[in-house]
Amino acid sequence: MEPMKYLEELVERYPVLDVVKDDVQKAYELLEACYEQGGKLLIAGNGGSCADAEHIVGELMKGFVKRREVSDSFAECLRNADEVRGAELAKKLQGGLPAIALTGHAGLSTAYLNDVDGDLIFAQQTYGYGRPGDVLIGISTSGNAKNVMYAMTVAKALGMKTIGLTGKDGGALKREADVSVVVPETETFKIQELHLPVYHALCLMLEERFF
């Protein structure tokens, strides 16, 4: 299946998302370019959006709907490294698209919260991990999460590309991100319900492109 077929399927299954179809495609194109150049994805969000950030990583860093077998050359390298363990690894390892959720590093986050400023936790991680050409996805149902917006500023300063996934009127995230997907809902739980099919579609499109 061509990557764009998943975009068509998205709006067929969720007609309400037809209004953001072009923005989803633009977000995919940023991510495609990032991975083509050997970059990585950083993702930030709070509460339910924190869970979404982790969910995205889970779909990108291992097989989603495809079995992403390692290459024959790498399988041989694994067996050369260790005949027994290497053979098992060659069977079970799966190709991944590098993605990091900035939401699960408790030691760093609590240290920065205690020592510096809790609003800047995502910004600090973006500064540490981010490189030009990488992408940051900021997820905020209101579009105004302070810690997400600080991270977006750092990403811009580093020469990264940015994607906002939001709702309502898009808030600050819509204004600042290179691409914003503003789903057409105003209540938090309804916004989150539409975020999931959007990022699933993006992950499916990327898997189809690279695997």
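Owing to the predicted nature of the structure, the values given are computational and were not obtained by experimental measurement. (Residues numbered from 1 in each chain as written. Predicted model: local features only at pLDDT ≥ 70, side-chain atom pairs only at ≥ 80, totals over all residues. Heavy atoms only, no water.)

Comments concerning a nonpolar patch on the surface
Here comes step 1: Together, Phe74, Leu89 and Leu93 give the surface a local cluster of nonpolar side chains, amounting to about 240 Å² of exposed area.
Here comes step 2: Inspection of the secondary structure puts Leu89 in helix H5 (residues 83-92). (Patch = residues over 30% accessible without salt bridge, like charges linked within 9 Å, V, L, I, M, F, W, Y side chains within 5 Å. Areas by Shrake-Rupley, 256 points an atom, 1.4 Å probe, with all protein chains shown as cover. Salt bridge = Lys/Arg side-chain N within 4 Å of Asp/Glu carboxyl O. Helix = DSSP H or I, 4+ residues; strand = E, 2+ residues; numbered from the N terminus.)

Things to note about the sheet that holds strand E2 (residues 99-101)
Here comes step 1: In space, the five strands of this open sheet follow the order E2-E1-E3-E4-E5, with parallel pairing throughout. Edge positions in the sheet fall to E2 and strand E5 (179-182), since each of these pairs with one other strand and no more. The sheet shows a mean angle of 15° between the axes of neighbouring strands, direction not considered.
Here comes step 2: In this structure, strand E1 (residues 41-45) lies alongside strand E3 (residues 135-139), joined through five bridges in parallel fashion. Across the sheet, the residue bridging to Ala44 is Gly138, located in E3. (Pairing = 2+ DSSP bridges. Axes fitted to C-alpha atoms, helices over the stretch in contact; angles between N-to-C directions.)

Focus on the packing of aromatic side chains
Here comes step 1: What the rule picks out here adds up to one aromatic pair.
Here comes step 2: Arranged with centres 6.1 Å apart and planes meeting at 75°, the rings of Tyr35 and Phe210 form a pair that is edge-to-face. One end of the pair, Tyr35, is in helix H2 (residues 21-36); the other, Phe210, is in helix H10 (residues 188-210), with 175 residues separating them in the sequence.
Here comes step 3: Relative accessible area serves as the criterion here: at 8%, Tyr35 is assigned to the buried category. (Phe/Tyr/Trp six-rings, centres within 6.5 Å; stacked < 30°, edge-to-face > 60°. Buried < 20%, exposed > 50% of the residue type's maximum accessible area, 1.4 Å probe, protein only.)

Side note on the nonpolar core
Here comes step 1: Leu41, Ile43, Ile56, Leu60 and Val198 are the most contacted members of the largest nonpolar core, which totals 39 residues.
Here comes step 2: The element best represented in this core is H10, accounting for 10 residues.
Here comes step 3: In this structure, Val198 is in contact with Leu10, Leu17, Val24, Leu165, Val181 and Val183, ignoring residues within four places of it in sequence. (Core = buried A, V, L, I, M, F, W, Y, C linked by side-chain atoms within 4.5 Å. Contact = heavy atoms within 4.5 Å.)

A word on the UniProt feature "domain: SIS" (unreviewed entry) in the protein
Here comes step 1: Mapped onto the present numbering, the UniProt feature "domain: SIS" (unreviewed entry) falls at residues 31-211.
Here comes step 2: When the span residues 31-211 is considered, its composition is 55% helix and 13% strand, and the gap between its end C-alpha atoms is 15 Å. (UniProt positions renumbered as here; feature names shortened; annotations may be inferred.)

Looking at the packing of helix H1 (residues 3-13) against H2
Here comes step 1: Where H1 meets H2, the axes come as close as 11 Å, and the angle between the chain directions of the two elements is 150°. Classed by the angle they form, the pair H1 and H2 counts as roughly antiparallel. Considering the relative orientation of H1 and H2, their crossing is right-handed. Contact with H1, carried on its side by Pro3, Met4, Leu7, Glu8 and Val11, involves Lys21, Val24, Gln25 and Tyr28 of H2 and no other residues of that element.
Here comes step 2: Classifying every residue of the contact of H1 with H2 by side-chain character gives six nonpolar, one polar and two charged. (Parallel < 35°, antiparallel > 145°, perpendicular 65-115°, else oblique. Left-handed = near helix turned anticlockwise from the far one by under 90°. Nonpolar A, V, L, I, M, F, W, Y, C, P; charged D, E, K, R; others polar.)

Thoughts on the layout of surface pockets
If you roll a probe as big as a water molecule over the atoms, it shows you where there is empty space left.
Here comes step 1: Approximately 160 Å³ is the volume attributed to the largest pocket.
Here comes step 2: Lining the largest pocket are Tyr6, Glu9, Leu10, Arg13, Tyr14, Leu196, Pro197, His200, Ala201 and Leu204.
Here comes step 3: For the lining of the largest pocket, the element with the most residues is H10, which contributes five residues.
Here comes step 4: Across the lining of the largest pocket, the residue classes tally to seven nonpolar, one polar and two charged. (1 Å grid on protein atoms, 1.4 Å probe; cavity = no way out; pocket = protein on both sides within 12 Å on 5 of 7 lines; lining within 4 Å. Points joined across faces, edges and corners; volume = space filled by probe spheres on them.)

Some words on the environment of Asn147
Here comes step 1: Looking at the secondary structure, you find Asn147 in helix H8 (residues 146-158).
Here comes step 2: Using a relative accessible area of 14% as the deciding quantity, one classes Asn147 as buried.
Here comes step 3: Residues Asn147 and Phe122, 25 residues apart in the sequence, show an inter-C-alpha distance of 6.1 Å.
Here comes step 4: Once you skip the residues sitting within four places of it in the chain, Asn147 turns out to touch Asn46, Asp119 and Phe122.
Here comes step 5: Within the local environment of Asn147, its side chain forms a polar contact with the side chain of Asn46, the two groups lying 2.8 Å apart. (Polar contact = N/O pair within 3.5 Å; in protein donor to acceptor, adjacent residues only side chain to side chain.)

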